[in-house]
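Architecture at a glance
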Amino acid sequence: MRRLHALMLCCAWLVLGGLSFAQSSNGTISGTVTDAAKALIPGVTVKVTNTDTGVVATGVTNESGTYTVPGLLPGAYSASASLPGFQTQTFTDV
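Residues numbered from 1 in each chain as written. Predicted model: local features only at pLDDT ≥ 70, side-chain atom pairs only at ≥ 80, totals over all residues. Heavy atoms only, no water.

**Points about the sheet that holds strand β2 (residues 45-50)**
Hydrogen bonds between backbone groups are what pair the strands of a sheet, and the pairing can be parallel or antiparallel. Here is the rule: A pair of strands is labelled paired if DSSP reports no fewer than 2 bridges between them. Under the DSSP-based scheme used, a helix requires at least four consecutive residues in state H or I and a strand at least two consecutive residues in state E, with every element numbered from the N terminus. What counts as an axis is a line fitted to C-alpha atoms, over the stretch in contact for a helix, and the angles between N-to-C directions run from 0 to 180 degrees.
Pairing is antiparallel in the open sheet, where four strands are placed in the order β3-β2-β5-β6. With one partner strand each, in any of the chains shown, β3 (56-60) and β6 (89-91) form the two edges of the open sheet. Taken over all neighbouring pairs, the strand axes of this sheet differ in orientation by 15° on average, direction set aside. Here strand β5 (residues 77-82) runs beside β6; their pairing, made up of three bridges, is antiparallel. Paired with Ser80 across the bridge in β6 is Thr90.

Structure (structure tokens):
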């Protein structure tokens, strides 16, 4: 019985130890782009810029108007959304 208890403890340690390596310090910015009438807009280019480093990451809205820009390091960002025929919107201190 004691041997079984030790084996279970070792298995739990291995599983929980492996999970701790799955954590990441990177973040993601995601959202939905709509027009003034609240219609979803596909094909919008979303550009996210780290204001400290100047590193730029981009995403494009899908048919549901949603986008995701993953793998962002901690920091201050500005984000802009652009599509021909529409005014570009820029947000600072994101």
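**A word on the side chain of Thr49**
We count it as follows: What makes two residues a contact is simply this: any of their non-hydrogen atoms within 4.5 Å.
For Thr49, the position within the fold is in strand β2. What Thr49 contacts, discounting residues up to four positions off in sequence, is Gly54, Val55, Val56, Ala76, Tyr77 and Ser78.

**Observations concerning the environment of Gly43**
Filter applied, for reference: Here the term buried applies to any residue with accessible area under 20% of the maximum for its type, exposed to any over 50%, and partly exposed to those in between, with areas from a 1.4 Å probe on protein chains only.
Within the element layout of this structure, Gly43 appears in the loop between β1 (27-32) and β2. Overall, the relative accessible area of 34% leaves Gly43 in the partly exposed class. For the pair formed by Gly43 and Ser64, sequence separation is 21 residues and the distance between their alpha carbons is 9.7 Å. Residues contacting Gly43, with those up to four places away along its chain left out, are Val60, Thr61, Asn62 and Leu83.

**Observations regarding the nonpolar core**
We count it as follows: The definition of a nonpolar core used throughout is a set of buried Ala, Val, Leu, Ile, Met, Phe, Trp, Tyr and Cys residues joined through side-chain atoms within 4.5 Å.
Ranked by size, the top nonpolar core spans 13 residues in total, and within it Val44, Val46, Val48, Tyr67 and Leu72 carry the most contacts. Residue assignment for this core shows that the elements contributing at least two residues are β2, β4 (66-72) and β5. Ignoring any residue separated from it by four or fewer positions in sequence, one finds Val48 in contact with Ile29, Val55, Val56, Ala57, Val69, Leu72, Tyr77, Ser78 and Ala79.

**Let's talk about the environment of Val69**
Positionally, Val69 belongs in strand β4. The class for Val69 is buried, based on a relative accessible area of 1%. Through-space distance from the C-alpha of Val69 to that of Gly31 is 9.3 Å; in sequence the pair is 38 residues apart. Beyond its immediate chain neighbours, meaning those up to four positions away, Val69 contacts Gly27, Thr28, Ile29, Val48, Ala57, Thr58 and Gly59.

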